[in-house]
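Summary of structural features
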Amino acid sequence: FTQTFGLKYIKIGIKVLKINKTDFMLPCSCHVLQESLLSSASGYSNYRGILNWCVVMLVLSNARLFLENIIKYGILVDPIQVVSLFLKDPYSWPAACLIIVSNVFILAALYTERRLAVGTITQMTGLIFHIFNLTSMLIFPSATVLIVTSMTPVGGVLSLGIYTVLFLKLYSYQDTNRWCREIRQAKAKRLTRSYSSGHTHVSYPGNLTHRDMYYFVFAPTLCYQLNFPRSPRIRIRFLMRRLFEMWMVPTIQNSMKPFQVPNHLIWLIFFYWFFHSSMNFVAELLQFGDREFYKDWWNSETVTYFWANWNIPVHKWCLRHFYKPMLRKGVNKFLAQTAVFLMSAFFHEYLVSVPLKMFRLWAFMGMMAQVPLAWFVGRFLNGNYGNAAVWMSLIIGQPVAVLMYVHDYYVIHYGSTT
């Protein structure tokens, strides 16, 4: 050795080896200044192993339940028998009939846009047709749910939920096509977008086809555009994992005894089932490329951040078709945000009160209470305190609203028998 410890190089014969100083630290010097991984100051964020552990525990804990049900009852759902029963007496399935009828409104929007594209009807006439069509999409299903006595609350929620989604989709459809006509009339560049996916690109009015319309209807998005980003292929393994999750999560949820599991835990399970498993399954099947259905809402330090990130499809729709148009018309931000919460409160109440056939406005008031709560949390709380406030609103707010509806429904339907 021609050099001593602590220097950078050691000469051995005719070769020079580059060695770090830490390689010569004494055995007793094994500590450095560092934080624990679970500490927020460490900056560590890879918890994939813990997530995998949760999945393994869920599978193992429900495998016994699944096997017992198969052995005891067998396979209870026969798709062929379900279809045959529906064809034999379709009126005993009012929710299914109501969902099928929604095609009338879809085709009405498509044919109205076709007439507008070729100029056989004026812009004002087309606007009147769209307003009538969209208004009917809210009135017709709600009237059917209220009038038809055989409609169950579950069927009512399902059918009204689908009609609400279609309402938002068709509003975006007519809005986007109107923008295309305005661009075409201004002799500007056609509204097209380029993606490196190899799919054929269309420009207005070449998009006004049944294929394009129904792709948008089934795509996991509420915002229409002429060319969606597309994934290059369908990944079978990814598709099977999402399908397994879609089956597993309801099994887990059904195994929980009512009122013995926190309401927000059931909500979290539903969130994972719908926004991750189901929407990714549909997106993979349709090769829909935009998979941002949610962001890290669990880290929300403000109520506004939570509502902007837990449901990205609705947030994008509100931003594109409601909030920004109001700002362009000169409405200030606070009033525009309040209007967004007001619209959201209406649809929350619409999806609860109509299927239950009682009007109590608990969902409406709960949503509107988010406005002062958002102001308070954003002004006085931040960091972990703000995040704790968001979680408290989820843990306490939702169960209170659910209990209010359960109480009123029980009193109306069963109170006289007790």
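As the structure is a computational prediction, the values presented were derived from the model and not from experiment.

Quick word on the pattern of salt bridges
- Evaluated as defined, the whole model comprises eight salt bridges.
- Taking the shortest distance from any N to any O, the salt bridge between Arg181 and Glu113 comes out at 2.6 Å. One end of the pair, Arg181, is in helix 5 (residues 153–185); the other, Glu113, is in helix 3 (residues 94–118), with 68 residues separating them in the sequence. Of the two residues, Arg181 and Glu113, neither departs from the other in class, the shared state being buried.

Some words on the environment of Glu301
- With respect to the helices and strands, the residue Glu301 is situated in the loop between helix 8 (263–286) and helix 9 (303–309).
- Taking relative accessible area as the criterion, Glu301 reaches 40% and is therefore assigned partly exposed.
- Along the backbone, Glu301 and Ala389 are 88 residues apart, and their C-alpha atoms lie at a distance of 8.0 Å.
- Ignoring anything within four residues of it in the chain, the contact list for Glu301 reads Val377, Gly383, Gly386, Asn387 and Val390.
- One polar contact links the side chain of Glu301 to the main-chain amide nitrogen of Gly383, over a distance of 3.4 Å.

A short note on the UniProt feature "active site" (unreviewed entry) in the protein
- In the UniProt entry, the feature "active site" (unreviewed entry) is given for His348.
- Structurally, His348 can be placed in helix 11 (residues 333–356).
- When sequence neighbours within four positions are dropped, the list of residues in contact with His348 reads Ala363 and Met367.

A look at unusual backbone geometry
- Cis geometry is adopted by the peptide bond preceding Pro205, which originates at Tyr204 and carries an omega value of 5°.
- Structurally, Pro205 can be placed in the loop between helix 5 and helix 6 (210–218).
- A positive phi angle is found at Gln287, which is not glycine, with a value near 55°.
- Examined against the element boundaries, Gln287 turns out to sit in the loop between helix 8 and helix 9.
- Given the relative accessible area of 17%, Gln287 is considered buried.

Each value, and the rule that gives it
Residues numbered from 1 in each chain as written. Predicted model: local features only at pLDDT ≥ 70, side-chain atom pairs only at ≥ 80, totals over all residues. Heavy atoms only, no water. Salt bridge = Lys/Arg side-chain N within 4 Å of Asp/Glu carboxyl O. Helix = DSSP H or I, 4+ residues; strand = E, 2+ residues; numbered from the N terminus. Buried < 20%, exposed > 50% of the residue type's maximum accessible area, 1.4 Å probe, protein only. Contact = heavy atoms within 4.5 Å. Polar contact = N/O pair within 3.5 Å; in protein donor to acceptor, adjacent residues only side chain to side chain. UniProt positions renumbered as here; feature names shortened; annotations may be inferred.

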